Amino acid sequence: MSCLPVWSSSNYTELHTASVDSTHTGTTRKETIANTSDVFTGIQNILLSIVILLLFSLYLTYNTQDSLIESEGSDKVSRTRTPRPVHGHNAGDDSDNVVQQRNILEGLEQEEEEGEEEEVVVKDEEEKPPIESTLLYKYLQQLEQTYLDDVNDVRKIVKVKGQEDVIARDLPLYEQAFKKRHFAMKAPPWYKPTVANATSNNAKNNMQPVTLPHESEWVGWMVLLCMAFTDGDGAECLEKESFPKLANYQKINRIPGIRNILWRKDGFCNTMNQARRIPALKKSQISPLCWVLPNQYEQFLGVADGLGTDVRWVFKSTSPGGTIQVLQPTKERDYAKVKQFNNKKTVVQEYFPNPLLVFGMPVNIRAYVLVTSINPLRAFVHSEGLVHFRHDYPRGFKKIPNRTWFLAQFKHFLVHNFGTEAAEIAFQNMEAAIVETLLIAESSLAAHFGAFTTHPWEERYRCKNCFQLLGFDVIFNSTLHPMVVEVNGQPYLQANSEVGGWASNTIKQNAVEDTVGILFSATPVARDVAEAVRSMQLNNVGITGVNCHSSHHLCLTNEDLLYLLDSRREAINKASFRQLYPAKDSFKYDSLVRDLQRFVASQYHLNDISPYNQMGAHATSPTTRHNTADLQNVISNVEQYYYRKKKWRRCLREMNGASIPEHFGNRTYGASRRSGLGDGAINNMFNLDPLFGDPKYDRPPCNDDPATMPFLSAFHFDPPLNLTPTFDPMVTEYEATVPHDMVLIKVWGFATSCDSEARLEDKLGASRPSNYTLGVGENRISMFVVDITHSEPWVSNSYTVNVYRQSVEEGEEQTWEDDQPHHVCSLVQDCDLPFISDGPCGLNRVLDVRWPDVIVDQQKLPVCESGNSPGRWLIPCSQCSNKSSCYWKEARWLPYDCRHQILPRQQLRQCLAGKDLLFIGDSTNRGIMYYIMEQLNGTLTEWDKTHNIKVYSNLNNNQTSVSFAYYPQFWLPAGERPVFDKALYELLKHSKAAKNNGDTVVVVGGVHWLATHHLNVLKQALKRKGLSNVKLVMKGLGAGFHQPVDGIHCLTMGEQRKVFIHNTGLLDYASNAGFEVVDTFNMTMARYKDFVQGKCACHFHKVEEVRPTDDPDDYDNILYHVTGDINSLYSEILINRICQ
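Residues numbered from 1 in each chain as written. Predicted model: local features only at pLDDT ≥ 70, side-chain atom pairs only at ≥ 80, totals over all residues. Heavy atoms only, no water.

Asks: Honestly, the sheet that holds strand β19 (residues 712–718) in this entry has me stumped. Any pointers?
Replies: What holds strands together in a sheet is hydrogen bonding between their backbones, with the strands either parallel or antiparallel. With respect to topology, 3 strands assemble into an open sheet ordered β19-β21-β23, the strand pairing being antiparallel. Each end of this open sheet is capped by a strand with a single partner; those strands are β19 and β23 (770–773). Between one strand and the next, the sheet's axes are offset by a mean angle of 30 degrees, whatever the strand orientation. Relative to β23, strand β21 (residues 744–751) is paired through 4 bridges, and the arrangement is antiparallel. If you follow Ile745 over to β23, its bridge partner there is Tyr772. (Pairing = 2+ DSSP bridges. Helix = DSSP H or I, 4+ residues; strand = E, 2+ residues; numbered from the N terminus. Axes fitted to C-alpha atoms, helices over the stretch in contact; angles between N-to-C directions.)

In structure tokens form, the structure reads like this:
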């Protein structure tokens, strides 16, 4: 990167001389032409004299500026932080019109010798002078030192005011935090200090009563803690007129006006409804639809009636801690309750559709957000938030007592069930929703702050002394889209005495302690800020008092520079906070910031008030502080510089071989600062690099043409697919074929219209890149184009890709021939999923054995006496090192010391005649059931992908009955799922009368959920029903949940190995408890890639239609066939256990 040209006063001398020479030359020519007009010549001479005087004035002005900055008298900035402004550089001064547009760095490099002429050169990055020698650094250092001196010179006194109940509730945590930093507390006389065990002398002194040295409410203290359910700009804390009088070092924990904008439920509703008119927010719903009743009662009823009976509504009292009801006005039983709000104040919100359920229960996130500056914005979110479990809508979404998670636990849940990328994006989206809410609040506060000044031409109040710790309540839907449902301006910080309350107490304590630490740090950062400002290439930005000109669109003032200093200082000392705004990706808010600025200007008529008009932005004084919209480009560039510098340092450390902490750049203060907590008990939730920045996920430019709303502009896959036909927005059906080893694919798409989104599988599905499992055979991937301009998404089109994944047999290189020599290869586990940590993986040759001998020798072995005899897969191959040279159609699962026989159909019918087969379990058990039914009847005439009770009594000439109960029903809320014994009782009730002997067979099994507890419950329930002598069969665990897919938990390699150990113990326990067992784990894990379509990657069967005729309308004669060799294998083993 090269430096920009360096300008000095000599450059302006040359400019001035060149202008004069050019003028004299032009005058000579004009005098020759104008010999006949003495009058014209006189006028021209006068004009030339004026121009020369103006240029000379500019020359003097520039030299005056340099001398002012470099003079000894400016070595120290005054206590008011207002260095003497440079004259002659206001927007209205015509002399500035000859100055070219200049870069922010012009004039900031020191001249080597005063008065020496210097050429305008472009320097390389390496040729820049040290930052300490620049005027910019010295100027920032003076500002910073003045502020730090002020802070060090005053007494650290915290004055407490507010409402008695709030003070008693929340002050103890603040008291502890401030006293750790040696602040003295001036609390109301009735308050009893809680810190009675302080040990240091300073702490003991701080416990003594404090007398404020002045009677005026705005002096004599460093911090004013306002603890009340108000904005604090009244008698209970600090009068509105006193806010602008506060000294630079004073802080108050209130942002006036934010209560009516965000904190009050009705204010939040009104604010967010206004925000829906902002163009940049039309595509992003960051809060639920809401109405304030009774004013909007009729409007609400009209919308509720239009949306129908599927939508529920949350009615909230506007008072703090008020009641919550979930009602449906379209239903008669609720309408009577709704009518009371026709004359009663309340807020109604749309019940969040499809909320994310954690173990069947909805949750809400309490995020602690610290706003250290509102205008311009600066905010942080604490990594140690709370997750509250709640009852579902029938019980009013009430909190469940003693059911609270750390945010860390919630993050791990998302990673476990949705994958790391999805969890990262979910938290990024939550951050974005919080920032957008705060930006909206800032724009709304513009009118409120206007009341803090007497005249409209006065500098607008920016609340630079204000900070506030807010509680944001956020809810995710099932696709991990966040919405802000409430904002609390006085978060509940009282200690929780309930069991398990230590967790929330610790999190609250840490949030408060980190708040105090971030606000009152004294780290010098002038060097960092100077380097960042120098790195910017912004030609339209200057610095007031250094190089501010009328050609600059923006001049940074002393207050702006202090904002940059504060931002950097707080970012360095953020502890467990994460920087929300400004941040390295703040550019993504550009459109919103611009739209909000236009909206504010139009709503509050600010176009005629400085500094909102264009000329006012030029004519800024050193004490002006610009708003977020003015500084957006500057602060985004500055944060990008810090981010690049941090990455560069990390890369340098890696190149030098230095070890880098796992959470580099995200300091967490764990056990080192609090006793009783182990390391890692509460982790920083924001320690993963975001997906933001990968260009392949960037949305291409969209358009506003309504005709394009139904179309995709792109349909992406990773790894890429060869679509047939090639992608065309007008074509909606595609096909593709992938090899057997491609088991997972990432899918995403982009809508052509700016008002549409591409969503996977459903209108409420993921609009982000999402993983999709590809089972063997057909896989149907659907992408919906959704119109997002409505309260509910409307599907305007859908695209489908039928992906055919080849079976392992289809990868064979040659046809099978019996007389050819083949290597015998064994397979115990796949090297891509080695669940046996010390066992061999992949295909391994069995020495001195020919394939024909394998078949002959196997028939000589005795029939297996159990279904869990150890075994392995044997496959004939040309070379065991080449998987594609194997003949997988001949592959066999063979126990080492016995064999499983396949019963002929007639023998199977005889065995099962008079028997009742009761299956209870998940879809893997259902696959076995349908295989047995087809083998028993020869055909399968009925098939149902049931998740309830199903009974088939027309089998084997009505001699055999088969029934099935699905368990566990994961999709139901935890409180509504039937327990295991109840599911069994329901199965027995729907089956015909069971006999207490071996003619009744109960088969239980599942992928991963089965445990010894279920076996005990099963036996006890059967005993209570008088069925203790029935035959019991347990199918063991199986392969599954090994792919990171949204909505499905994915087991790590370590967890898969634990499942293997659990399965081994489960088989032993079941055998000793009198169960026949069928081990399906090893055989399915070794060939885990042979699963068929399904997110869990756990199904090894598929039921296909078989049409005896070619008539597509012949639905009367449809038959079904169960496919899947592995399912057939363990189904035959189970038949052996029943019939032996």
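Asks: I'm lost on the nonpolar core in this one. Help?
Replies: Taken as a class, soluble globular proteins show a tendency for nonpolar side chains to be buried jointly. Ranked by size, the top nonpolar core spans 98 residues in total, and within it Val371, Phe410, Leu414, Leu438, Phe472 and Leu556 carry the most contacts. Apart from the residues lying within four places of it in its own chain, the contact partners of Val371 are Ile255, Leu377, Arg378, Ala379, Leu438, Cys466, Phe467, Gln468 and Leu470. Within the second largest apolar cluster, 96 residues are counted, among which are Leu843, Cys880, Leu917 and Phe1100. (Core = buried A, V, L, I, M, F, W, Y, C linked by side-chain atoms within 4.5 Å. Buried < 20%, exposed > 50% of the residue type's maximum accessible area, 1.4 Å probe, protein only. Contact = heavy atoms within 4.5 Å.)

Asks: Got a minute to help me understand the pattern of salt bridges in this structure?
Replies: Oppositely charged side chains can pair when the atoms bearing their charge come close. Tallied over the entire structure, the rule returns 33 salt bridges. Its salt-bridge partner being Lys645, residue Asp528 comes within 3.9 Å of it at the nearest N-O pair. Note that Asp528 is positioned in helix α13 (residues 526–535) and Lys645 in helix α17 (residues 628–655), a separation of 117 residues in sequence. Note on Asp528: relative accessible area 16%, which makes it buried. Among the ionic contacts, a cluster of salt bridges with common partners joins Glu132, Arg527, Asp528, Glu531, Arg568 and Lys645. (Salt bridge = Lys/Arg side-chain N within 4 Å of Asp/Glu carboxyl O.)

Asks: How should I be thinking about the sheet that holds strand β6 (residues 313–316) in this particular structure?
Replies: Spatially, 4 strands are ordered β5-β8-β6-β7 in an open sheet, and the strand pairing comes out antiparallel. Two strands in the sheet have a free side with no partner beyond their single neighbour: β5 (290–293) and β7 (324–327). Between one strand axis and the next, the sheet turns by 20 degrees as a mean value, whatever way the strands run. Across 4 bridges, the pairing between β6 and β7 is antiparallel. Considered in β7, the bridge of Phe315 is made with Gln325. This element, helix α7 (residues 265–275), spans β5, β6 and β8 (346–350) of the sheet and lies at about 130 degrees to β5.

Asks: Would you take a moment to explain the state of the cysteines for this structure?
Replies: Simply put, disulfide is the name for a covalent bond between the sulfur atoms of two cysteines. Evaluated as defined, the whole model comprises 11 disulfides. Disulfide pairing is shown between Cys831 and Cys841; the S-S distance is 2.2 Å. Taking the torsion about the sulfur-sulfur bond, which here is approximately 90 degrees, the covalent link between Cys831 and Cys841 counts as right-handed. Residue Cys831 is located in the loop between β26 (823–827) and β27 (843–850), and its partner Cys841 is located in the loop between β26 and β27; the two are separated by 10 residues in the primary sequence. Classification of Cys831 by relative accessible area gives partly exposed; the value is 41%. (Disulfide = S-S within 2.5 Å.)

Asks: It is not clear to me how helix α23 (residues 1053–1072) should be interpreted in this structure. Could you clarify?
Replies: Along an α-helix, residues three or four positions apart point the same way, because every turn accommodates 3.6 residues. Given a rise of 1.5 Å per residue, 20 residues ought to cover 28 Å, and the 29 Å separating the end C-alpha atoms of α23 matches this to within 8%. Within α23, the full set of buried residues consists of Gln1056, Val1059, Phe1060, Asn1063, Leu1066, Leu1067 and Ala1070. What you see down the axis of α23 is that its buried residues fit within an arc of 130 degrees, all on one side. In α23, the exposed positions angled more than 90 degrees off the buried face are occupied by Lys1058, Ile1061 and Asn1072. (Expected span 1.5 Å × (residues − 1). Arc of directions from axis to C-beta.)

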